[in-house]
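Notes for the structure review
These are the residues of each chain, in order.
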Amino acid sequence: MKLRLGATELELSYTLLCAAAVCVLSGLWSRFVWCAAAIAIHEGGHLLMMACSGYFPKRIKISLFAIDITDSGRQQRSARENLRIIFFGPFANFICFLPSYLLYLRGIVSILPFAAANLSVGLFNLLPVMSLDGGQLLYLLLCRRLPHEKAEKAVDVLTFALLLPLAALGFWVLLESKHNFSLLFVCAYPVLSLLLRDNRYY
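Residues numbered from 1 in each chain as written. Predicted model: local features only at pLDDT ≥ 70, side-chain atom pairs only at ≥ 80, totals over all residues. Heavy atoms only, no water.

1. Here we look at the overall build of the protein chain
Within the protein chain, the regular secondary structure consists of 7 helices and 4 strands. Reading the helices (α) and strands (β) of the protein chain from amino to carboxyl end gives β-β-α-α-β-β-α-α-α-α-α. In the protein chain, which comprises 202 residues, the proportion classed as buried is 37%. Taking the intrachain contacts of the protein chain between residues at least 6 apart in sequence as the baseline, contacts between residues at least 24 apart amount to 62%. Per element, the accessible surface of the protein chain, about 11900 Å² overall, is 71% carbon and sulfur. (Helix = DSSP H or I, 4+ residues; strand = E, 2+ residues; numbered from the N terminus. Buried < 20%, exposed > 50% of the residue type's maximum accessible area, 1.4 Å probe, protein only. Contact = heavy atoms within 4.5 Å. Areas by Shrake-Rupley, 256 points an atom, 1.4 Å probe, with all protein chains shown as cover.)

2. Notes on the packing of helix α3 (residues 79-105) against helix α5 (residues 133-142)
Following both chains from N to C, one finds α3 and α5 inclined at 160 degrees, their axes separated by 9 Å at the closest point. Classified by the interaxial angle, the pair formed by α3 and α5 is roughly antiparallel. The handedness of the crossing between α3 and α5 comes out as left-handed. Across from Ala-79, Asn-82, Leu-83, Ile-86, Phe-87 and Pro-90 in α3, the residues of α5 making contact are Asp-133, Gln-136, Leu-137, Leu-140 and Leu-141. For the contact of α3 with α5, a count of residues per class yields 8 nonpolar, 2 polar and 1 charged. (Axes fitted to C-alpha atoms, helices over the stretch in contact; angles between N-to-C directions. Parallel < 35°, antiparallel > 145°, perpendicular 65-115°, else oblique. Left-handed = near helix turned anticlockwise from the far one by under 90°. Nonpolar A, V, L, I, M, F, W, Y, C, P; charged D, E, K, R; others polar.)

3. Focus on the packing of α3 against helix α4 (residues 112-125)
Contact geometry for α3 and α4: axes closest at 8 Å, N-to-C directions at 150 degrees. Classified by the angle their axes make, α3 and α4 are roughly antiparallel. In this structure, α3 crosses over α4, and the sense of that crossing is left-handed. Taken together, the residues of α4 that come into contact with α3 (itself represented by Pro-90, Asn-93, Phe-94, Cys-96, Phe-97, Ser-100, Tyr-101 and Tyr-104) are Leu-112, Phe-114, Ala-115, Asn-118, Leu-119, Val-121, Gly-122, Leu-123 and Asn-125.

4. A few points about the confidence of the model for the protein chain
Of all residues in the protein chain, 71% attain a pLDDT of 70 or more, and the chain-wide mean is 79. The least confident element of the protein chain is strand β1 (residues 2-5), whose mean pLDDT is 64; the most confident is α3, at 92. (pLDDT = per-residue confidence, 0-100.)

5. Examining the nonpolar core
Core analysis: the biggest nonpolar cluster contains 9 residues, these being Leu-83, Ile-86, Met-130, Leu-137, Tyr-139, Leu-140, Cys-143, Ala-151 and Val-155. Going through the elements one at a time, α3, α5 and α6 (148-177) are the ones with two or more residues in this core. Per element, the largest residue contribution to this core is 3 residues, and it comes from α5. Non-local contacts of Leu-137, meaning those with residues more than four positions away in its chain, are made with Leu-83, Ile-86, Phe-87 and Leu-126. Residues Met-49, Met-50, Ile-60 and Phe-88 belong to the second largest nonpolar core, which totals 7 residues. (Core = buried A, V, L, I, M, F, W, Y, C linked by side-chain atoms within 4.5 Å.)

6. Quick look at the packing of aromatic side chains
On inspection of all chains with the given rule, the structure shows 5 aromatic pairs. A centroid spacing of 5.7 Å and a plane angle of 55 degrees characterise the contact between Trp-34 and Phe-114, whose relative ring orientation is tilted. With a gap of 80 residues between them, Trp-34 in helix α2 (residues 29-52) and Phe-114 in helix α4 connect regions that are remote in the sequence. Residue class for Trp-34 comes out partly exposed when judged on its relative accessible area of 28%. Each ring, one from Phe-97 and one from Tyr-101, has its centre 5.4 Å from the other, and the planes form 20 degrees; the classification is stacked. In this pair, Phe-97 and Tyr-101 are both assigned in helix α3, 4 residues apart and thus about one turn of the helix distant. Note on Phe-97: relative accessible area 18%, which makes it buried. The exposure class of Tyr-101 is partly exposed, given its relative accessible area of 32%. (Phe/Tyr/Trp six-rings, centres within 6.5 Å; stacked < 30°, edge-to-face > 60°.)

This is the structure in structure tokens:
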């Protein structure tokens, strides 16, 4: 499904729409909404900083395992601008987490899922995996002292070293609990996202 917002083309994949339908039918709609809101805030942080730098994406494709922002100006920006754009995604989640958690402490219990979703999305994206913001931040920082090829290889090695034991632990948790596949999904998501994004930013 395609929409146009000004000069930006927005495309929603049918897999995402099917996942939303499954959540409705299985009674997980509220969790889906909170997670979708946190992800929208995260990507909105990237887009806001892109706009502040004078760049606007030509196309945004949202699928079940990746959000692909076509950013033709990435190579023209300075490393500092790219660092700021990448970092502001998780930072936007942390900005939303803090006041919502404070409201929860003040007795507004219904806001807790929103706070938890923002904290989870922010922390998850800071993992040093190339397909996530943390890996891209690390890559740009390493490029200040290493050639691009060595910096990319270092992040790839770290990605493998992080995801392999987590995946093994996820399988163990699934076998022990018979139903808890959350950790395994956490590992599968960045792997699929990495394959779909082909090591591109955002």
